[in-house]
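# Analysis of the macromolecular model
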Amino acid sequence: MSDPREQLAGRIRELRRRHFGPGGKAEFARRLGLPLDEYERFERGAVPPGEVIVHICEQTGEDLQWLLTGVASRGTVVISGARNRHQNLLVRIARALDTDPALAAPFEAFLDLLLAAPSQGAERNRLAAPSAHLIRIYDPHNAPQELGPAGELPRDLSEPAAREPGALLARREAQAFEPAVLYDGRPAQTVRIVAVADERPSREYIDSANLSQVLPGAFAVRVVTDEMSPMFAPGDAALVVPGGAPRIGRPALVRLPGSNETRCRIWLGEDAGHVHLGRLSDGGSEREPADSVRWALEVVYRLALAA
């Protein structure tokens, strides 16, 4: 996006998703003391008055300069999507330093000690256990054939994976972005786990407390072709949430019958008993019988592995 108004609107959307979730427009508007329709204008590109911009930062605890420009203030620590306990910890440290500046040296020494041990970061990543905040990533051919009535994963697939006995095989850094947006990605990791109890094949997950908190019930499907390039590259993962019905002009995951038929496409609508799906790589479209669509959900984030 090149229009500064669109960039500002994108950052407002990001803060709303980060702090109130994909369906949090009404709650965010209420916190800001605004009618919902007025708030929605700001997500569409209208520039908020100055006092509203300041209020947005007050309600989210985010950096004002970042909201206005996309660049964090010099010396400002911005924890993207930080959970409350992280923000509270920073506040406690700041208050302690205000009360007794002499604590700065012990704090710095302790932080240096934490960051320095152990020094073999790759080995530590390989051995570190996955957290309880795991979002399943499916390959296109093994995504669930059916979802629950509200678009959620079947119960046998939605249990927290960290409860299963398993061994961590690999961990990779990643970033999560809104589709077609490159600014301020959410930090995340992917982890690959093999269950040792029944020797099932390895499974891949997104390990991110931030994403699992704001996207409850989310799951992802790996994109393996270039048909949605440049928005999605092969190897990216498309994240969806229960109940996230596809919207015209937005990317969607569509499950069709067949062994490898979970497609990431632009949703072009439905008519005369057919759904229409668009490809970005060549501008082409696909027409499928509506009754053959097992499920379709809007993509709310794309996950890209770090370079």
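Definitions and cut-offs
Residues numbered from 1 in each chain as written. Predicted model: local features only at pLDDT ≥ 70, side-chain atom pairs only at ≥ 80, totals over all residues. Heavy atoms only, no water. Helix = DSSP H or I, 4+ residues; strand = E, 2+ residues; numbered from the N terminus. Contact = heavy atoms within 4.5 Å. Buried < 20%, exposed > 50% of the residue type's maximum accessible area, 1.4 Å probe, protein only. Arc of directions from axis to C-beta. pLDDT = per-residue confidence, 0-100. Pairing = 2+ DSSP bridges. Salt bridge = Lys/Arg side-chain N within 4 Å of Asp/Glu carboxyl O. Core = buried A, V, L, I, M, F, W, Y, C linked by side-chain atoms within 4.5 Å.

## A few points about the environment of L36
Checked against the element boundaries, L36 lands in helix α3 (residues 36-43). Residues L36 and A26, spaced ten residues apart in sequence, show a C-alpha to C-alpha distance of 5.8 Å. Ignoring anything within four residues of it in the chain, the contact list for L36 reads K25, A26 and A29.

## A word on unusual backbone geometry
In this model, S229 is joined to P230 through a cis peptide bond whose omega is 10 degrees. If you trace the backbone, P230 turns up in the loop between β5 (219-222) and β6 (237-240). With phi around 50 degrees, A272 is a residue other than glycine that occupies positive phi space. One can find A272 in the loop between β8 (262-271) and β9 (274-278).

## Details of helix α4 (residues 50-60)
Every buried residue belonging to α4 is among V52, I53, I56, C57 and T60, and all of these are buried. Buried residues of α4 fall within an arc of 140 degrees about the axis and therefore sit on the same side. Structural note: α4 exposes E51 and E58 on the side pointing more than 90 degrees away from its buried face.

## Structural notes on the confidence of the model for the chain
In the predicted model, the chain carries a mean pLDDT of 77, and the fraction of residues at 70 or more is 72%. Counted against residues more than four places away or in other chains, residues 74-85, with its pLDDT under 50, gives 22 contacts. Taken as a whole, residues 118-127 scores under 50 in pLDDT and shows seven contacts with residues more than four places along the chain or in a different chain.

## Some remarks on the pairing of β8
Put simply, side chains in a regular strand alternate between the two faces of the sheet. The buried fraction of β8 amounts to seven of the ten residues, a majority that puts the element mostly inside the structure. Alignment of strand β7 (residues 251-255) against β8, held across five bridges, turns out to be antiparallel. Paired with L253 across the two strands is C264, which belongs to β8. Examined bridge by bridge, β8 and β9 share four bridges and lie antiparallel to one another. What sits directly across from E270, in β9, is V275. Connecting β8 to the antiparallel partner β9 that follows it, the hairpin turn spans two residues, and A272 within it adopts a positive phi of roughly 50 degrees.

## Some details on the pattern of salt bridges
Scanning the model with the defined rule gives 20 salt bridges in all. Close ionic contact of E227 with R265 constitutes a salt bridge, the shortest N to O distance being 2.9 Å. Of this pair, E227 sits in the loop between β5 and β6 while R265 sits in strand β8; the two residues are 38 residues apart in sequence, bridging distant segments of the chain. Of the residues examined, R265 reaches a relative accessible area of 6% and is grouped as buried.

## Some remarks on the nonpolar core
Residues F219, F232, L253, C264, W295 and V299 are the most contacted members of the largest nonpolar core, which totals 18 residues. At the level of elements, β5, β6, β8 and β11 (295-305) are the ones that each hand at least two residues to this core. For this core, the element with the most residues is β11, which contributes three residues. Residue contacts for V299: discarding those within four places in its chain leaves P179, F232, A238, L239, V240, R250, P251, A252, L253 and C264. I135, L215, A237 and L303 belong to the second-largest nonpolar core, a separate cluster that totals 17 residues.

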